[in-house]
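Here's the letter readout for the chains.
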Amino acid sequence: MIVKVVIDIPAKQVNRSFDYAVPKDWESAIKLGSRVQVPFGNMKRTGFVVDITDETEFNGKLKPIHSIMDYDVFLNEELIELSDYLAEYLQCFRISVLQAMLPSLLKAKYDAIVQIHDPVQFSEKVGSWYQNETSIDRKVLEERISPNAISQLKKENIISIEYQVINQTTQKTKTMIKTNLNKDQLMNALEKTSQRSFKQRAILEYFINNQAIESIEKSTLMTELEVSNATINSAIDKEWITTFKEMIYRDPLKDVSFQTNSSKTLLAEQQNAYDLISQSVDNKQADTYLIEGVTGSGKTEIYLQLMDRALQQGKSALLLVPEISLTPQMVERVVSRFQTGIAVLHSGLSITEKYDEWQRIIKGEAKIVVGARSSIFAPLENIGIIIIDEEHETTYKQSDNPRYHARDVARWRSEYHDAPLILGSATPSLESRARAQVGNYHLIHLENRVNQMPMPPVDIIDMTQVELRETANELSPELIEKIQDRLDKKEQVVLLQNRRGYASYLLCRECGFIMQCPRCDISLTYHKFDNQMKCHYCDYHEPLPTQCPSCQSPHIRTHGIGTQKVAETLEEIFPEAKVTRMDNDTTRRKGQHQKLLDEFSSGQSNILLGTQMIAKGLDFENVTLVGVINADTALNLPDFRASERTFQLLTQVSGRTGRGRLAGEVVIQTYNPEHYVIQFAKTHDYENFFRFEMKRRHLTNYPPYYFTTLLTVSSKHQGRASQLAYDLKAQLYNPELERKEQLYIIGPNRNNISKINNYYYFNLLLKYKDKTTIQRQLDDILNNTQQKATQGVYVNINHEPQYFS
DNA sequence: AGCACGCCGACT
DNA sequence: GTCGGCGTGCTC
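Residues numbered from 1 in each chain as written. Chains lettered and ligands numbered in written order. Predicted model: local features only at pLDDT ≥ 70, side-chain atom pairs only at ≥ 80, totals over all residues. Heavy atoms only, no water.

A. Structural view of the overall build of chain A. The secondary structure content of chain A amounts to 26 helices and 33 strands. Partitioning the contacts of chain A with sequence separation of at least 6, the portion at a separation of at least 24 is 74%. Element-wise, carbon and sulfur atoms account for 47% of the exposed surface of chain A, whose accessible area totals about 36800 Å². (Helix = DSSP H or I, 4+ residues; strand = E, 2+ residues; numbered from the N terminus. Contact = heavy atoms within 4.5 Å. Areas by Shrake-Rupley, 256 points an atom, 1.4 Å probe, with all protein chains shown as cover.)

Structure (structure tokens):
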């Protein structure tokens, strides 16, 4: 037996498989996808078995495998084949793809423990050395019996192998507090504590009054007693209390009620969609459907029923949702429909939990997988349907290597399994919608909302007018009045302040003029460092003007307000209202996100103010007003997708109101009330937005008319990086292709943030019609630049990048 | 990644 | 004459 092994070194020179001999005693333990340790040069490295054969083309003596790392496999034949395709398609190393497919536990350090389920039989098979322990170290067993024998014991369910993570620091822990003193000792301490030490006494009193509680989480204690860290520390110094770490174990299904939730009757439109797609499920056709349905049109119900149908036919189902919508509510909908056989994969799970879920999928215990981007690699067999909800979300594209897009992977797996792929969104990506336009995807429209409520009316507030009347206020009088009205009625308000508010651009406060690049149809960015207005797509730049180039007003200035400022303003205007602020700052800590949402949904706060994270998938019945404080921030980013993202964001956030029985209303404040994005968002008119935006993309040669690839050259030496960027451009430049409008090369440009961690970045953007025209050259570049890497110059290839910074 | 091989400059 | 710089190439 000979195996082909891919070694875990991400380098072009070893980006292929190497052949190894397998000792007889190992043959039944080794499977396709097994992780093994092999001698490589004078090293010992891990690798993956990607093929099992009896032949080799290697002219030399094959080395035998050193050891087998797992008696389970985490990759099946399909995934191995997929890794080959993706490595070539993404132009990255195969090992990087293979590693991306695996649960992260396998990358951590761990101990392998053999659990002995049947000591009697075990003893019979292994002999007298066994001392009746319930578990032993795997190494010990491996010294005594062969891998084949271990594999056999495992198969017979006499043993199982479990992993314990050694490096527990990567595990999430919480700090717990307990007291070692008994009640009398505590009382004693209390007496000795000054009456003025309120906080100290509060801690003592807490433990006196809560004798039954063994321990309490530190942060809970701090908030409940309103004591600071310093107080806790001094209590520790006085030896009243001690702290210890406890693992945070989060069962994803723990808080989910297991009530059955049977299928709902579908509306005619939904039924129609279901009927169409279920034919593809039944007939095993790898069709792609794009469901374009407004918020509340009941896409999820269609998904659930389709998944059910696949399940009925003995197939499995894969549902991808953006990480942010993987909330307990979402999970509950799936669980309550199917009860069992569901694996939920999300970032809140510890690595051991993720591994457990993975195991359940491999063993076939879970036939349904719900998860975020990386779940697209779930090792399901016999997939009957793949669904990607909110398909336009940029989180489906991985931003670092391997830079795959879940949609592309889904497309491949759909073909492999002859299973339909469903893409759902209220505002599909232009790429997907265009594919539907030309008939590559089947387009399904859902026009009606299940609750029959109309889409909320949208008010556009022209902030250029407001600024003239009222200075230095982010909130227009109209919006203030409407907020006050909801507060009076005890209804709730959602306010959006775009995340990327920090992006400074130049805006005329009088006429709303925003400086654009004359060559690129993209707004210029203010660079404080040299006081210049710059384009991030070409090298255009000009000095910061002192007056508006359009109306000569001196009221021109850089712009960008943060949520913090808005929260302050709100508290000034509405002192009686409680504002929940949700942005990257307030949700950085784990669990904080859900906590803030709970605070709002339970009605403890009246206004939810946040960045775009509040726009997604939240469903609050009592919200009757949505306000967008400044629709322009996202609109003027130097990115050709700025319009698309803004439209998606405005539409999504509008969908946050009118979810219940109460009618909703949307207010959008903008300095560009006539902008087409704002106008189409006002009427919730995706279709016309699509047509308009397509024209623009056509004129500027951007996707979906052209494919894009971003080459990033980075180095600690600015000169070397820029030199290589220019060299690469020269290599790729082809006047013939450019004349035929087949290939455009833009740049090199300095990166938006030109220096990160002392590395200088230069970008080359390729726009092309046919990837085959540049595939070989890019392969060459990848090869050649591998050597450059030793000189500290790195090249990254990113196909279809989502962001250009 | 790591190591060996190999070809040119400054030394006991 | 040799020691060692790191450019190049190989690892089943």
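More follows now that the structure is in view.
B. Here's a closer look at the protein's contact with DNA strand C. Contacts to DNA strand C come from Gln13, Val14, Arg16, Phe18, Asp19, Tyr20, Pro39, Phe40, Gly41, Phe58, Leu62 and Lys63. Near-protein atoms of DNA strand C (within 4 Å) split between backbone and bases, with sugar and phosphate holding 34%. For DNA strand C, a base nitrogen lies 3.1 Å from a polar atom in the side chain of Gln13. Within the contact set of DNA strand C, a base nitrogen lies 3.2 Å away from a side-chain nitrogen or oxygen of Arg16. Elements that contribute at least two residues to the surface near DNA strand C include exactly strand S2 (17-21) and strand S3 (35-40). (Near = heavy atom within 4 Å. Polar contact = N/O pair within 3.5 Å; in protein donor to acceptor, adjacent residues only side chain to side chain.)

C. Spatial organisation of the protein's contact with DNA strand B. Near DNA strand B, the surroundings consist of Ile9, Pro10, Asn42, Met43 and Arg45. The sugar-phosphate portion of DNA strand B accounts for 57% of its atoms within 4 Å of the protein, the bases making up the rest. Along the lines of polarity and charge, the residues of the surface near DNA strand B split into three nonpolar, one polar and one charged. (Nonpolar A, V, L, I, M, F, W, Y, C, P; charged D, E, K, R; others polar.)

D. Region of interest: helix H24 (residues 718-732). When the terminal C-alpha atoms of H24 are compared, their 21 Å separation across 15 residues agrees well with the 21 Å that a helix rising 1.5 Å per residue should span. All of the buried residues in H24 are Ala721, Ser722, Leu724, Ala725, Leu728 and Leu732. End-on view of H24: buried residues confined to an arc of 160°, all on one side of the axis. (Expected span 1.5 Å × (residues − 1). Buried < 20%, exposed > 50% of the residue type's maximum accessible area, 1.4 Å probe, protein only. Arc of directions from axis to C-beta.)

E. Geometry of the pattern of salt bridges. Counted by the stated rule, this structure contains 32 salt bridges. Note that Glu665 and Lys482 form a salt bridge whose closest N and O atoms lie 3.1 Å from each other. On the criterion of sequence distance, the pair formed by Glu665 in strand S29 (residues 665-670) and Lys482 in helix H17 (residues 477-488) is long-range, its members being 183 residues apart. You can call Glu665 buried: its relative accessible area is 16%. Taken together, the shared-partner salt bridges connect Asp459, Lys482, Asp485, Arg486, Lys489 and Glu665 into one network. (Salt bridge = Lys/Arg side-chain N within 4 Å of Asp/Glu carboxyl O.)

F. Spatial organisation of helix H8 (residues 218-225). Regarding H8, the residues found buried are Lys218, Leu221 and Leu225. Along the axis of H8, the buried residues cluster in a sector spanning 65°; they form a single face. Exposed side chains of H8 directed beyond 90 degrees from the buried face belong to Thr223 and Glu224.

G. Seen up close, the sheet that holds strand S28 (residues 623-628). The strand order S19-S29-S28-S20-S27-S26 describes an open sheet built from six strands, whose pairing is parallel. Looking along the sheet, the strands with just one partner apiece sit at the ends: strand S19 (458-462) and strand S26 (579-582). The average angle at which neighbouring strand axes cross in this sheet is 15°, direction not considered. With five bridges connecting them, strand S20 (residues 492-496) and S28 associate as parallel partners. For Leu495, the partnering residue across the bridge sits in S28 and is Gly627. Of the strands in this sheet, S19, S20, strand S27 (607-610), S28 and S29 are in contact with H17, which crosses S28 at around 160°. (Pairing = 2+ DSSP bridges. Axes fitted to C-alpha atoms, helices over the stretch in contact; angles between N-to-C directions.)

H. How the structure looks around the nonpolar core. Phe122 and Ile376 are the most contacted members of the largest nonpolar core, which totals 82 residues. Residues in contact with Ile376, not counting those within four places in the same chain, are Leu318, Leu320, Ile386, Tyr404, Ala406, Val409, Ala410 and Arg413. Counting residues in each nonpolar core, the second largest holds 35 residues, with Ala434, Met582, Leu635 and Phe647 among its members. (Core = buried A, V, L, I, M, F, W, Y, C linked by side-chain atoms within 4.5 Å.)

I. Geometry of the environment of Ile376. Relative to the elements of secondary structure, Ile376 occurs in the loop between strand S15 (368-371) and strand S16 (383-389). Each C-alpha atom, one on Ile376 and one on Val409, is 7.0 Å from the other, the two residues being 33 residues apart in sequence.

J. Examining the sheet that holds strand S4 (residues 43-53) more closely. Across the sheet, five strands lie side by side as S2-S1-S4-S3-S5; this open sheet has antiparallel pairing. Each edge of the sheet is formed by a strand with only one pairing partner; in this case those strands are S2 and strand S5 (67-68). Here strand S1 (residues 2-7) runs beside S2; their pairing, made up of five bridges, is antiparallel. Opposite Val6, over in S2, you have Ser17 as the bridge partner. Contacting S1 and S4, helix H2 (residues 94-101) runs over the sheet at an angle of about 85° to S4.

K. Representation of the UniProt feature "domain: Helicase ATP-binding" (unreviewed entry) in chain A. Taking the numbering used here, the UniProt-annotated feature "domain: Helicase ATP-binding" (unreviewed entry) corresponds to residues 280-446. Split by type, residues 280-446 is 36% helix and 22% strand. Its first and last C-alpha atoms lie 19 Å apart. (UniProt positions renumbered as here; feature names shortened; annotations may be inferred.)

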